[in-house]
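# Analysis of the macromolecular model
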Amino acid sequence: MEIKYPSIVDIPADEFQPLQKNTEEEREEIAAPSLNFLQDSWRRLKKNKAAVISMILLAVIILVSIVTIFVSPQDPSKQNVDYINLPPRVPGLNINGLNGKTIVAGELVDKYAQADVPSNVNYLLGTDGLGRDVLSRLFMGTRISLLIAFIAALFDITIGVAYGLISGMLGGKVDNAMQRFLEILSGIPNLVVMILMLVVFEPGIFSIVAAMAITNWIPMARIVRAQTLKLKDQEYVLAGMTLGESKWKIAFKHIIPNISSVIIIQMMFSIPTAIFFEAFLSFIGLGLTPPDASLGTLLNDGYKTFLYLPYLLWIPAVTISLIMICFNLLADGLRDAFDPKMKE
């Protein structure tokens, strides 16, 4: 093989093509788009299909629970003794169990015909033992359970974040005393606190919220304290203190924004915990009182007639399970999205 130019010095100048200016700019140009923290977190969250689906389902559930305040199929508290224990009937759907027919004494019976229910009146999820529309009460129960859960999350943010931030920033004897107080509170079971609330207040939303306000913010306070102790020794915090900034200005300007992701994630985990706590209290009869409804009271009403009216238990059970699973999956997705170590 013949070599055209034995060495580099033998190559004539006209064989070289100068690098154009626009070519240099293209080579130095940043290909990836510039994203801030929230945009980058949203990009990672969208890759988590389970979290996105959970977020959509929760948005639909919350929207429906709000809309049904003004538009509801029936009055959730209205009783109709002529239409008690009617099975679900969906217009145009001829499936036993969903067409108004149920098995009674081994025979398939049309309960709507027996109760002389007009053909244009349909209860999509049936009625309970007092003739109340189960669908309307499900909307009401979901709304109240979510309301209690979001109030608990609000307490987590206000009390828990403030307590943990103060304990972590002050440190020393103050931190030691505040943590011993937390240990005393965390040693009191929630059920005991709830019973004490019922001694002072009437059973209802206020009693449940008061019981949650006493103990449920403790995990948030501990997490915020731990993060504050970790961040307050960072260089930028020490630099701010050296320049004469007050501790609280540094806390609100630097520490809280840096731990906001941890706060949001812990809040998302606290919401299903609050829903379960309310459902448990209502189920054992220490929660809401009739005619108010929550998912816990619906479960309490349904298990009594589970053997011959199973839909009264399955409907609220599936609803509360769906809500809690969605919140937990969304919280897992947010934890991965806000964690910089998960960045690809």
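Here, residues in each chain are numbered from 1, in the same order as that chain's written sequence. Only residues with pLDDT of at least 70 get local features here, since the model is predicted, and only at 80 or more are side-chain atom pairs given and counted; chain-wide, interface and lining totals rely on the full set of residues. Water and hydrogen atoms play no part in the side-chain values, which are based on all heavy atoms of the structure.

What counts here: UniProt positions are given in the numbering used here, feature names are shortened, and annotations may be inferred rather than shown by experiment.
For the chain, the name recorded in an unreviewed UniProt entry is ABC transporter permease, with Candidatus Enterococcus murrayae as its organism. In its Sequence similarities (unreviewed entry) section, the UniProt entry covering the chain states "Belongs to the binding-protein-dependent transport system permease family. OppBC subfamily."

## As for the overall build of the chain
As a reminder of what qualifies: By definition, any uninterrupted DSSP run of H or I lasting at least four residues is a helix, any uninterrupted run of E lasting at least two residues is a strand, and each is numbered from the N terminus. Throughout, the radius of gyration refers to the C-alpha atoms, and the reference size of a globule is 2.2 Å times the residue count to the power 0.38. Remark: exposure states derive from per-residue accessible area (1.4 Å probe, protein chains only) relative to the maximum for the residue type, with buried under 20%, exposed over 50%, and partly exposed in between. Residue contacts follow a heavy-atom distance rule, with two residues in contact if any of their heavy atoms lie within 4.5 Å. Using a 1.4 Å probe, accessible areas were evaluated by the Shrake-Rupley method; residue-level cover was limited to the displayed protein chains. The positive count covers Lys and Arg only, the negative count covers Asp and Glu only, and His and the chain ends enter neither. Positions of charges follow a simple convention, taking NZ of Lys, CZ of Arg, CG of Asp or CD of Glu.
Secondary structure assignment for the chain yields 13 helices and two strands. For the chain, whose C-alpha radius of gyration is 30 Å, the value lies well above the compact-globule estimate of 20 Å for 344 residues. Principal-axis analysis of the C-alpha atoms places the extent of the chain at approximately 105 × 70 × 35 Å. The proportion of buried residues among the 344 residues of the chain is 39%. Considering only residue pairs separated by 6 or more positions, the chain has 73% of its internal contacts joining residues 24 or more positions apart. With the model as given, the accessible surface of the chain reaches about 20100 Å², and the carbon-plus-sulfur share is 64%. Side chains of the chain carry 28 positive and 31 negative charges; the gap between the two charge centres is 7 Å.

## Looking at the pattern of salt bridges
Cut-off, in case you're wondering: Only one rule defines a salt bridge in this text: a Lys or Arg side-chain nitrogen within 4 Å of an Asp or Glu carboxyl oxygen.
Enumeration according to the criterion identifies five salt bridges in this entry. For Arg-132, the salt bridge identified is with Asp-128, shortest N-O distance 2.9 Å. Across the pair, Asp-128 and Arg-132 agree in class, each one buried. Taking the shortest distance from any N to any O, the salt bridge between Arg-335 and Asp-332 comes out at 3.0 Å. Note that Arg-335 and Asp-332 are positioned in helix α13 (residues 311-338) at a spacing of three residues, about one turn of the helix.

## Let's talk about the UniProt feature "transmembrane region" (unreviewed entry) in the chain
Feature annotation in UniProt places "transmembrane region" (unreviewed entry) on residues 50-71, 144-169, 181-199, 205-224, 262-288 and 308-331, given in this structure's numbering. Secondary structure content for residues 50-71 is 82% helix and 0% strand, and the end C-alpha separation is 31 Å.

## A look at the UniProt feature "domain: ABC transmembrane type-1" (unreviewed entry) in the chain
Feature annotation in UniProt places "domain: ABC transmembrane type-1" (unreviewed entry) on residues 142-331, given in this structure's numbering. Its end C-alpha atoms 20 Å apart, residues 142-331 is made of 82% helix and 0% strand.

## Some points on the nonpolar core
When a protein is soluble and globular, its nonpolar side chains tend to lie buried together. What counts is decided by this rule: To define a nonpolar core, start from buried Ala, Val, Leu, Ile, Met, Phe, Trp, Tyr and Cys residues and group those joined through side-chain atoms within 4.5 Å.
By size, the foremost hydrophobic cluster in this structure holds 58 residues, and its most contacted members are Ile-275, Ile-323 and Phe-327. Of all the secondary structure elements, the ones that give two or more residues to this core are α3 (49-67), α5 (134-170), α7 (190-200), α8 (205-215), α9 (218-231), α11 (247-283), α12 (295-304) and α13. Each residue touching Phe-327, except ones within four places of it in the same chain, is listed here: Leu-58, Leu-146, Phe-150, Met-268, Ile-271, Pro-272 and Ile-275. One finds Tyr-163, Leu-182, Leu-185 and Ala-221 within the second-largest nonpolar core, a separate group that totals seven residues.

## Considerations on the pairing of strand β2 (residues 107-110)
Operational definition: We treat two strands as partners when DSSP finds at least two bridges between them.
Both strand β1 (residues 101-104) and β2 contribute to a ladder of four bridges, which runs antiparallel. Residue pairing across strands places Lys-101 opposite Asp-110, the latter belonging to β2.

## Side note on the packing of α3 against α13
Test applied: Here, axes are lines fitted to C-alpha atoms. For helices the fit covers the stretch in contact, and angles between N-to-C directions go from 0 to 180 degrees. If an angle is under 35 degrees, it is roughly parallel; if it is over 145, roughly antiparallel; if it lies from 65 to 115, roughly perpendicular; otherwise it is oblique. Here a crossing is taken to be left-handed if its near helix is turned anticlockwise relative to the far helix by less than a right angle, and right-handed if that turn runs clockwise. Residues are grouped as follows: Ala, Val, Leu, Ile, Met, Phe, Trp, Tyr, Cys and Pro are nonpolar; Asp, Glu, Lys and Arg are charged; every other residue, Gly included, is polar.
Packing of α3 against α13 leaves a shortest axis separation of 8 Å and a crossing angle of 135°. In terms of orientation, α3 and α13 fall into the oblique class. With respect to the hand of their crossing, α3 and α13 are arranged in left-handed fashion. The residues of α13 that touch α3, namely those facing Ala-50, Ala-51, Ser-54, Met-55, Leu-57, Leu-58 and Ile-61, are Leu-322, Ile-323, Cys-326, Phe-327, Leu-329, Leu-330 and Gly-333. Classifying every residue of the contact of α3 with α13 by side-chain character gives 12 nonpolar, two polar and no charged.

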